[in-house]
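Topology and contacts: notes
Single-letter residue listing:
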Amino acid sequence: MGDFRPFADLQLDVLREVGNIGAGHAATALAKLLDKPVDMMVPKVRIVPFEEIAESVGGIEQVVVAIFLRIDGETPGNMFFILTQESAKRLLRKIVGIDVDNEEFYSEMELSALNEIGNILAGSYLSSLADFTNLNMQPTVPSLAIDMAGAILTYGLLQYGEMGDHALLIDTAFLEGKDEVEGHFFLIPDPESFDRIFAALGVPHE
């Protein structure tokens, strides 16, 4: 699906700008939380078909750490922040400063830290999009799951059957010193929500 282009370059430019601003807000919020500088690389922004989301994080059988929340308001949808287990442990060890004892299991403190970071990231990107569009977007309380990527995405789809066919994918990376942690942020608007977002921005969805 390399030629999958349902969105114009102008629309992607707008979404990239939203991603850049969201990354800046997230870095500032994380720095305050952790009381140390945290940089985030300029994110890569793509629109992908729903069925390619799992491929973006290593395939449907890849065990991942995912923070999921629902968006309520004028443009309802779903949000996921997904890390591979390796990235999650590196994030805890290198960025948060938690001494990880077990590479396969997570303590309550580790899970709480991951959930809080995912919540900050999702909130930063969502608030940036809301500010850009002047649309009401309210996140629900996030939930964290550790499972195969396919199972997590299927759960989200079953919970909210109105999930759209495309996702906004923001590949981001945290930098603290020379350490880098990659993460994947997905916004999956309900049907018609992309149209509302672009209409609010004055950019028609072709």
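Small disclaimer: the values here were computed from a predicted structure and weren't measured. (Residues numbered from 1 in each chain as written. Predicted model: local features only at pLDDT ≥ 70, side-chain atom pairs only at ≥ 80, totals over all residues. Heavy atoms only, no water.)

1. Regarding the overall build of the chain
For the chain, the helix and strand inventory stands at 6 helices and 8 strands. Ordering the α and β elements of the chain from the N terminus gives α-β-β-α-β-β-α-α-β-β-α-β-β-α. Buried residues in the chain amount to 49% of all 206 residues. By sequence separation, contacts in the chain at least 24 residues apart represent 73% of the contacts at least 6 residues apart. Of the roughly 10000 Å² of accessible surface on the chain, 50% is carried by carbon and sulfur atoms. (Helix = DSSP H or I, 4+ residues; strand = E, 2+ residues; numbered from the N terminus. Buried < 20%, exposed > 50% of the residue type's maximum accessible area, 1.4 Å probe, protein only. Contact = heavy atoms within 4.5 Å. Areas by Shrake-Rupley, 256 points an atom, 1.4 Å probe, with all protein chains shown as cover.)

2. Observations concerning the pattern of salt bridges
Considering all chains together, one arrives at 5 salt bridges under this definition. The partner of Arg90 in a salt bridge is Glu86, and the shortest N-O contact between them spans 2.8 Å. Of this pair, Arg90 and Glu86 both sit in helix 3 (residues 85-96), 4 residues apart, roughly one helical turn. Judged by its relative accessible area of 25%, Arg90 falls in the partly exposed class. Judged by relative accessible area, which is 56%, Glu86 ranks as exposed. (Salt bridge = Lys/Arg side-chain N within 4 Å of Asp/Glu carboxyl O.)

3. With respect to the packing of helix 4 (residues 108-133) against helix 6 (residues 193-201)
It is the contact of helix 4 with helix 6, at a shortest axis distance of 8 Å, that shows an interaxial angle of 50 degrees. What the angle tells us is that helix 4 and helix 6 run oblique. Residues Leu129, Phe132 and Thr133 of helix 4 lie in contact with helix 6, whose contacting residues are Ile197, Ala200 and Leu201. (Axes fitted to C-alpha atoms, helices over the stretch in contact; angles between N-to-C directions. Parallel < 35°, antiparallel > 145°, perpendicular 65-115°, else oblique.)

4. Thoughts on helix 6
Looking at helix 6, one finds that the buried residues are Ser193, Phe194, Ile197 and Phe198. Projected down its long axis, helix 6 carries its buried residues within an arc of 130 degrees, all on one side. In the core, the buried residues of helix 6 are packed alongside helix 1 (9-34), strand 2 (44-49), helix 4, strand 5 (137-139), strand 7 (166-176) and strand 8 (179-189). Directly beyond the C-terminal end of helix 6, a positive phi value near 75 degrees is found at Gly202. (Arc of directions from axis to C-beta.)

5. Focus on a nonpolar patch on the surface
A contiguous nonpolar patch, built from Val63, Ile146 and Met148 and spanning about 210 Å² of accessible area, is present on the exposed surface. Tracing the backbone through its elements, the reader meets Val63 in strand 3 (residues 63-73). (Patch = residues over 30% accessible without salt bridge, like charges linked within 9 Å, V, L, I, M, F, W, Y side chains within 5 Å.)

6. Structural notes on the pairing of strand 4 (residues 77-84)
The buried fraction of strand 4 amounts to 7 of the 8 residues, a majority that puts the element mostly inside the structure. As paired strands, strand 3 and strand 4 are joined by 8 bridges and run antiparallel to one another. From the neighbouring strand, Arg70 faces strand 4, where its bridge partner is Asn78. What sits between the antiparallel neighbours strand 3 and strand 4 is a turn of 3 residues. For strand 4 and strand 8, the ladder comprises 6 bridges, and the chain directions are antiparallel. (Pairing = 2+ DSSP bridges.)

7. Here's the deal with the packing of aromatic side chains
Scanning all chains against the criterion turns up 2 aromatic pairs. On the basis of an interplanar angle of 50 degrees and a centroid distance of 4.8 Å, the ring pair of Phe68 and Phe80 is categorised as tilted. Highlighted residues: Phe68 in strand 3 and Phe80 in strand 4, separated in sequence by 12 residues. Of the two residues, Phe68 and Phe80, neither departs from the other in class, the shared state being buried. Between Tyr125 and Phe185, the aromatic rings sit 4.6 Å apart at their centres with planes inclined by 35 degrees, giving tilted as the arrangement. Here the residue Tyr125 occupies a position in helix 4, and Phe185 occupies one in strand 8, the gap between them amounting to 60 residues. (Phe/Tyr/Trp six-rings, centres within 6.5 Å; stacked < 30°, edge-to-face > 60°.)

8. Quick notes on the confidence of the model for the chain
In the predicted model, the chain carries a mean pLDDT of 81, and the fraction of residues at 70 or more is 88%. Across the chain, element-level confidence peaks in strand 6 (residues 143-148) with a mean pLDDT of 92 and bottoms out in helix 5 (residues 149-159) with 77. Long-range and interchain partners of residues 1-5, a stretch whose pLDDT sits below 50, account for 7 contacts in this model, where long-range means more than four residues apart. (pLDDT = per-residue confidence, 0-100.)

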